[in-house]
Amino acid sequence: MATIIIPTPLRKFTNNTARLNIQAGNVKGVVEELTLNFPDLKKHLLDDQGNIRSFVNVFVGDEDIRNLQQENTLIKEETVISIVPAIAGGLA
Amino acid sequence: MLIIEQKPLDEMYQDALQSFPDECCGFFFGSDIGDERIVTNIMVVNNSKAGDKRKRFEIAPKDYLDAERFADENELKLLGVYHSHPNHPAIPSEHDRVAAQPYFSYVIISVNETGIAEIRSWQMNDNLQFEEEKTENKFINQNK
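Any chance you could explain the sheet that holds strand β3 (residues 56–60) of chain A here in plain terms?
Strand pairing in a sheet takes place through backbone hydrogen bonds and is either antiparallel or parallel in direction. Sheet architecture is open: five strands sit in the order β2-β1-β5-β3-β4 (chain A), paired in mixed fashion. The sheet is open, and its two borders are formed by β2 (19–22) and β4 (63–64) of chain A, each paired with just one other strand. Summarising the sheet, strand β1 (residues 2–5) of chain A and β2(A) pair through four bridges and their orientation is antiparallel. Within β2(A), the position partnered with T3(A) by the bridge is N21(A). Where helix α2 (residues 61–73) of chain B meets the sheet, it contacts β3, β4 and β5 (80–85) of chain A, and its direction lies at approximately 105° from that of β5(A).

Below you can see the structure in the form of structure tokens.
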């Protein structure tokens, strides 16, 4: 099963678990399984259309899935997936 | 209640002053017991925003991953993000709000050409709106 690393700010929705093992064929499947098991994560990961929010980055290994096959990026047994919240802001 | 120890506080101020008139940014770490968060360490991060850094900041995903790794390796909690508002109050903007994460404390340092004006901390509530977090070391003045 692939390992998914939950970022600190979202661990309150995964019973403070930092690493989860999920069986899925691609990134989309991982996110679906994750939000099924932890429904409170949904509004922080997905937009109203069910797509991964623009402020959420998903890395497979060291690579942003935007540089791979997006949500269709394939997952292997040993794959490590990291959810990386975008950190940005400013006064105007 | 967010308590920032003197050393990390000084480091945040130094970053805000040195980066002026651009915005600075970074992470802070420490412990989280009950309602009390104690900041013991910071990680200064490059403001990777392309374009005008005087009004915006952005942290590269790799820097975020480094911060999580630092917390794990040092058995600390990644408690939040700090950034500066040059020539502007320490009040979060709409840009700050839309990108805000739950749980994190968002420390904003107001800085101008005469020094640090104020420091305040904010947290996102369940309605995705910012609420001010009580802090120690509030309204400390530090000249350049």
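Looking at this model, I keep getting lost on α2(B). Mind explaining?
It helps to recall that an α-helix has 3.6 residues per turn; residues three or four apart then point in one direction. Taking 1.5 Å per residue, 13 residues should reach 18 Å; α2(B) reaches 18 Å between its end C-alpha atoms and fits that length. Among the residues making up α2(B), those that are buried are Y64(B), A67(B) and A71(B). Across the axial projection of α2(B), the buried residues extend over an arc of 55°, all falling on one side. Looking at α2(B), the residues exposed on the side facing more than 90 degrees away from the buried face are R69(B) and E73(B). Where α2(B) is buried, its residues meet β5 and β6 (87–89) of chain A together with β2 (25–33), β3 (36–45), β4 (57–59) and β5 (77–86) of chain B. One or two positions beyond α2(B), positive phi appears at E75(B), with a value near 50°.

Help me out: how do you make sense of the pairing of β5(B) in this one?
Each regular strand displays side chains that alternate between the two surfaces of the sheet. Residues and elements named next belong to chain B. The buried fraction of β5 amounts to ten of the ten residues, a majority that puts the element mostly inside the structure. Both β2 and β5 contribute to a ladder of six bridges, which runs antiparallel. Within β5, the residue paired with C25 across the bridge is H83. Summarising the sheet, β5 and strand β6 (residues 105–112) pair through seven bridges and their orientation is parallel. For P86, the partnering residue across the bridge sits in β6 and is V111.

Help me understand the interface of chain B and chain A, please; the structure alone is not making it clear to me.
Size of an interface: often given as the accessible area lost when the parts come together. With 24 residues of chain B in contact, the opposing surface of chain A contributes 19 residues. At the level of elements, β4, α2, β5 and α3 (94–98) of chain B are the ones that each hand at least two residues to the side of chain B that touches chain A. Broken down by element, the side of chain B that touches chain A gets its largest block of residues, five residues, from β5(B). Its residues placed into classes, the side of chain B that touches chain A shows eleven nonpolar, six polar and seven charged.

So what exactly am I meant to see when it comes to the pairing of strand β8 (residues 130–133) of chain B here?
All names here are of chain B. Pairing between strand β7 (residues 115–124) and β8: four bridges, direction antiparallel. Directly across from M124, in β8, lies its bridge partner F130. Where β7 hands over to β8, the hairpin turn is made up of five residues, of which L128 adopts a positive phi near 60°.

Procedures and definitions
All chains use their own residue numbering, which begins from 1 and follows the written sequence. Note on labels: chains are lettered from A, ligands numbered from 1, in written order. Confidence filtering applies because this is a predicted model: local features only for residues at pLDDT of at least 70, side-chain atom pairs given and counted only at 80 or more, and all residues used for totals across whole chains, interfaces and linings. Here the rule is simple: two strands pair whenever DSSP picks up at least two bridges between them. Strands here mean DSSP runs of E at least two residues long; helices mean DSSP runs of H or I at least four residues long; both are numbered from the N terminus. By the criterion used throughout, residues are in contact when their C-beta atoms, derived from the backbone, lie within 7 Å. Between the N-to-C directions of two axes lies an angle of 0 to 180 degrees, each axis being a line fitted to C-alpha atoms and, for a helix, fitted only over the stretch in contact. Residue count minus one, scaled by 1.5 Å, sets the expected span of a helix. Neighbour density around each residue's C-beta defines its exposure: 20 or more other C-beta atoms within 10 Å make it buried, 12 or fewer make it exposed, and counts between make it partly exposed, where C-beta atoms are placed from the backbone. It is the directions from the helix axis to the C-beta atoms whose arc is reported. The residue classification treats Ala, Val, Leu, Ile, Met, Phe, Trp, Tyr, Cys and Pro as nonpolar and Asp, Glu, Lys and Arg as charged. All others, Gly included, are polar.

So far we have only geometry, and geometry alone does not tell us how the molecule works.
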